[in-house]
Amino acid sequence: MLKRIYKPLTIGVFALLLVACATSPSVRNTNIPPAAEAPFYAGEFIADQHLDNPLIGHFWSPATEQFYSWEQVLTMLPEGGWVMLGEQHDHPDHHVFQAEFLQALADERVLGNVAMEMLAVDQQRALDSSMMRRDLLPYELNWNPGWPWEHYQAQVHVALMWANRVLAGDLAEEQKDATRRDIVEIPHYSPAHSEFLLDLVVTSHCNLFPADMAAPMLKMQLARDQFMARQMNRNALADKVSVFIAGGGHVRADYGAPLWLNNEVPRLTIMLQAVGSEHDASTYLQDRVEGRLPADLIYFVPAVEERDYCAEFLETMRGGS
């Protein structure tokens, strides 16, 4: 049912977590976990950079500046609300974590709905007709090839088997086109928020254009975040924990979709973070928008080999010549 990407395990991740945490201190108020502390995941990670970093496999709270065991994270899960998992799209351990997380909630019989940024509104009918399917193929969902199927197959299959419903997490192209042509009005959160997103759009596109040309991209980012929030507002399930999988920028609590959630919808944001050479958890995700924290929890994994995304982007623009 769940095709693991990690090397085969002899015991489920969820069971490993409970065993590892049974004798652990309830909260560790140091920025570096003790060397003897068992990590969240006891299998082998796929990424192979900075494997000696002791943060790997641990949950960290930027608010309390403390580490939390998986057993404690279970008590934080927002019943009747949403857990948002923020990924780096090309990080394999982020994808495995998502599948394992969904399966753990399913095993506990608390998994509600699952939404994914990789699924658009015009795929919803196919999703609804594919629930409980074990043999689903990507063409049956009109899967967008821009999201490599091998990265998301496990998450989709677990969700279709065990979630109450699998939901589109993104607008359809027709809706995006309406946003581009100013057919729909997109509200702004605050001047500081919009200014930050404009700068983010420019830097993420390698500073190839000035901020005044980034307004359409800013509008698209706002529209997508607001749609994600609407999906969560409309589809929270009482007594269940629903899960939204999206890129880290959409999950960021200080500038992403959580800003647009109704206050009555509980949520927990977990940013999946590749480590660097720094072993102090407090040095990660230090940037803030208007003083808001970036996430409720950070979960650390090894890093993948560094890529020069701007060089790749420029090469693509030149047609690979």
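Data block above holds the structure.
Right, let's walk through the structure included here. (Residues numbered from 1 in each chain as written. Predicted model: local features only at pLDDT ≥ 70, side-chain atom pairs only at ≥ 80, totals over all residues. Heavy atoms only, no water.)

**What about the overall build of the protein chain?**
A count of helices and strands for the protein chain gives 10 helices and 9 strands. Burial status across the protein chain gives 52% buried among its 321 residues. Here the contacts in the protein chain between residues at least 6 apart in sequence split such that 79% fall between residues at least 24 apart. As presented, the protein chain carries roughly 15,100 Å² of accessible surface, and 51% of it is formed by carbon and sulfur atoms. (Helix = DSSP H or I, 4+ residues; strand = E, 2+ residues; numbered from the N terminus. Buried < 20%, exposed > 50% of the residue type's maximum accessible area, 1.4 Å probe, protein only. Contact = heavy atoms within 4.5 Å. Areas by Shrake-Rupley, 256 points an atom, 1.4 Å probe, with all protein chains shown as cover.)

**Examining unusual backbone geometry**
In the Ramachandran plot, Arg 109 falls in the positive-phi region, its phi being about 60° despite a non-glycine side chain. Mapped onto the fold, Arg 109 is located in the loop between helix H3 (92-107) and strand E5 (111-120). Residue Arg 109 is classed as exposed on the basis of its relative accessible area of 70%. Phi is positive for Glu 290, which is not a glycine, with a value near 50°. Summarising the element assignment, Glu 290 is placed in the loop between strand E8 (267-274) and strand E9 (297-301).

**Examining the layout of surface pockets**
One number sums up the size of the largest pocket: a volume of about 1,700 Å³. Examining the composition of the lining of the largest pocket, we find that 5 residues originate from one element, helix H7 (residues 191-204), more than from any other. Classifying every residue of the lining of the largest pocket gives 18 nonpolar, 13 polar and 12 charged. Approximately 220 Å³ is the volume found for the second largest pocket. Forming the boundary of the second largest pocket are 15 residues, of which Ala 120, Gln 123, Asn 144, Leu 171 and Glu 173 lie nearest the centre. Here the element with the most residues in the lining of the second largest pocket is E5; it accounts for 4 residues. Split by residue class, the lining of the second largest pocket holds 6 nonpolar, 3 polar and 6 charged. (1 Å grid on protein atoms, 1.4 Å probe; cavity = no way out; pocket = protein on both sides within 12 Å on 5 of 7 lines; lining within 4 Å. Points joined across faces, edges and corners; volume = space filled by probe spheres on them. Nonpolar A, V, L, I, M, F, W, Y, C, P; charged D, E, K, R; others polar.)

**Quick notes on the side chain of Asp 254**
One can find Asp 254 in the loop between helix H9 (248-251) and E8. Looking at Asp 254, the relative accessible area reads 0%, which means it is buried. At 3.4 Å, the side chain of Asp 254 forms a polar contact with the backbone nitrogen of Val 289. Apart from residues lying up to four places away in sequence, Asp 254 is in contact with His 193, Leu 259, Asp 287, Arg 288, Val 289, Arg 292, Leu 293 and Pro 294. (Polar contact = N/O pair within 3.5 Å; in protein donor to acceptor, adjacent residues only side chain to side chain.)

**Topic: the nonpolar core**
With 78 residues, the main nonpolar core has Phe 101, Trp 143 and Ile 270 as its most contacted residues. Ranked by residues supplied to this core, first place goes to helix H8 (residues 215-235) with 7 residues. (Core = buried A, V, L, I, M, F, W, Y, C linked by side-chain atoms within 4.5 Å.)

**What about helix H5 (residues 149-162)?**
Given 3.6 residues per turn, any residue in an α-helix points the same way as the ones three and four places further on. Taking 1.5 Å per residue as the helical rise, H5 with its 14 residues ought to reach 20 Å, and the 19 Å between its terminal C-alpha atoms agrees with that figure. In terms of burial, H5 is a largely internal element, 10 of the 14 residues being buried. The set of residues buried in H5 consists of Trp 149, Tyr 152, Ala 154, Gln 155, Val 156, His 157, Val 158, Ala 159, Leu 160 and Met 161. If you follow the buried residues of H5, they end up packed against strand E4 (81-87), H3, E5, helix H4 (124-128), strand E6 (166-170) and strand E7 (241-247). (Expected span 1.5 Å × (residues − 1).)

**Re the packing of aromatic side chains**
Evaluated as defined, the whole model comprises 14 aromatic pairs. Aromatic pair Trp 82 and Phe 244: ring centres 6.1 Å apart, planes at 55°, arrangement tilted. With Trp 82 in strand E4 and Phe 244 in strand E7, the pair connects residues that are 162 residues apart, well separated along the chain. The two residues Trp 82 and Phe 244 agree in class, both being buried. Among the aromatic residues, those joined into a ring-pair cluster are Phe 59, Trp 70, Phe 97, Phe 101 and Tyr 299. (Phe/Tyr/Trp six-rings, centres within 6.5 Å; stacked < 30°, edge-to-face > 60°.)

**A closer look at H7**
When the terminal C-alpha atoms of H7 are compared, their 20 Å separation across 14 residues agrees well with the 20 Å that a helix rising 1.5 Å per residue should span. Considered for burial, the residues of H7 that qualify are His 193, Ser 194, Leu 197, Val 201 and Val 202. Buried positions in H7, seen along its axis, are confined to an arc of 170° and lie on one side of it. In this structure, H7 carries Pro 191 and Glu 195 as exposed residues pointing more than 90 degrees from its buried face. Packing partners of the buried residues in H7 comprise H8. (Arc of directions from axis to C-beta.)

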